[in-house]
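# Structural overview
So the chains spell out like this:
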Amino acid sequence: MNQLGLTTPAVLFSAISLIMLAYTNRFLAYASLVRELHARFKQSHDAVLLRQIINMKRRLRLTRAMQILGISSLLFCVVTMFLIYVEWTTLAELVFGVALIMLILSLAISIREIQISSQALDLQLGDMEEKKQSLGESLMNPRRGRL
């Protein structure tokens, strides 16, 4: 194995920073969506809205975990650099390994969150399909909607 140098953990800084930016943007979009869903749910206690809110809560928990693991990974990279600086090489390698594992977990959670986001979109599209079919039926049978 090659000797761990200061540049190795430093290379991850830009990658982790970009990932954290993406996570933060995702979180801000979710915050806006939560406010919108909350307002819509207060007006009509629709079952589809309730399922979307439950889905959103899961996504927010996953996003928080992604952010915590990403930030921890960055922190451990900085600690690794300090340990290399003070020439505690064995501990530095161990801490860097933990940083990599945290980054892997953060990315894996991100994949799961994307899958859940897709399910949320499916809920929305499914609701639209139901309304489209209902509208189509009423257009095809105009007497159905009359008393």
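Residues numbered from 1 in each chain as written. Predicted model: local features only at pLDDT ≥ 70, side-chain atom pairs only at ≥ 80, totals over all residues. Heavy atoms only, no water.

## Focus on helix α1 (residues 7–43)
Each turn of an α-helix holds 3.6 residues, which means side chains three or four residues apart point in the same direction. To be explicit about the condition: Secondary structure counts use DSSP, requiring at least four H or I residues in a row for a helix and at least two E residues in a row for a strand, with both numbered from the N terminus. One less than the residue count of a helix, multiplied by 1.5 Å, gives the span that helix is expected to have. Values of bend correspond, residue by residue, to the angle between axes fitted over the seven residues ending at that residue and the seven starting there. Buried residues are those whose accessible area, probed at 1.4 Å on protein chains only, stays under 20% of the maximum for their type, while exposed residues exceed 50% and partly exposed ones sit between those limits.
Over its 37 residues, α1 runs 55 Å from end to end, which matches the ideal 54 Å to within 8%, given 1.5 Å per residue. The axis of α1 is deflected most strongly, by about 25°, at Ser 14. Looking at α1, one finds that the buried residues are Pro 9, Leu 12, Ile 16, Ile 19, Met 20, Tyr 23, Arg 26, Tyr 30, Ala 31 and Leu 37.

## Side note on the confidence of the model for the chain
Regions with low pLDDT carry predicted coordinates that are not meant to be interpreted in detail. Quick note on the threshold: Here pLDDT means the predictor's own confidence in every residue, given as a number from 0 to 100.
Here the chain averages 81 in pLDDT, and 83% of its residues register 70 or above. For the chain, the element scoring lowest by mean pLDDT is α1, at 81; helix α2 (residues 47–85) scores highest, at 87.

## A closer look at the layout of surface pockets
A water-sized probe rolled over the atoms picks out the places where empty space is left. Worth spelling out the cut-off: Buriedness of a pocket was judged along seven lines, with at least five required to meet protein on both sides within 12 Å; pockets are open sets of points on a 1 Å grid over the protein atoms alone, cavities are sets where a 1.4 Å probe fits but cannot get out, and lining residues have an atom within 4 Å of a point. Grid points are joined across faces, edges and corners, and a volume is the space filled by probe spheres set on the points.
Taken as a whole, the largest pocket encloses approximately 150 Å³ of empty space. Taken together, 10 residues line the largest pocket, and the ones lying closest to its centre are Leu 33, Gln 52, Arg 59, Ala 120 and Leu 121.

## Remarks on the nonpolar core
Rules: We define a nonpolar core as any set of buried Ala, Val, Leu, Ile, Met, Phe, Trp, Tyr and Cys residues linked to one another through side-chain atoms lying within 4.5 Å. Any two residues having at least one pair of non-hydrogen atoms within 4.5 Å are treated as being in contact.
Among the nonpolar cores identified, the biggest contains 15 residues, and Leu 12, Ile 16 and Cys 77 are the most heavily contacted of them. When contributions to this core are tallied by element, the ones reaching two or more residues are α1, α2 and α3 (89–140). What Cys 77 contacts, discounting residues up to four positions off in sequence, is Pro 9, Leu 12, Phe 13, Ile 16, Phe 96 and Ala 99.

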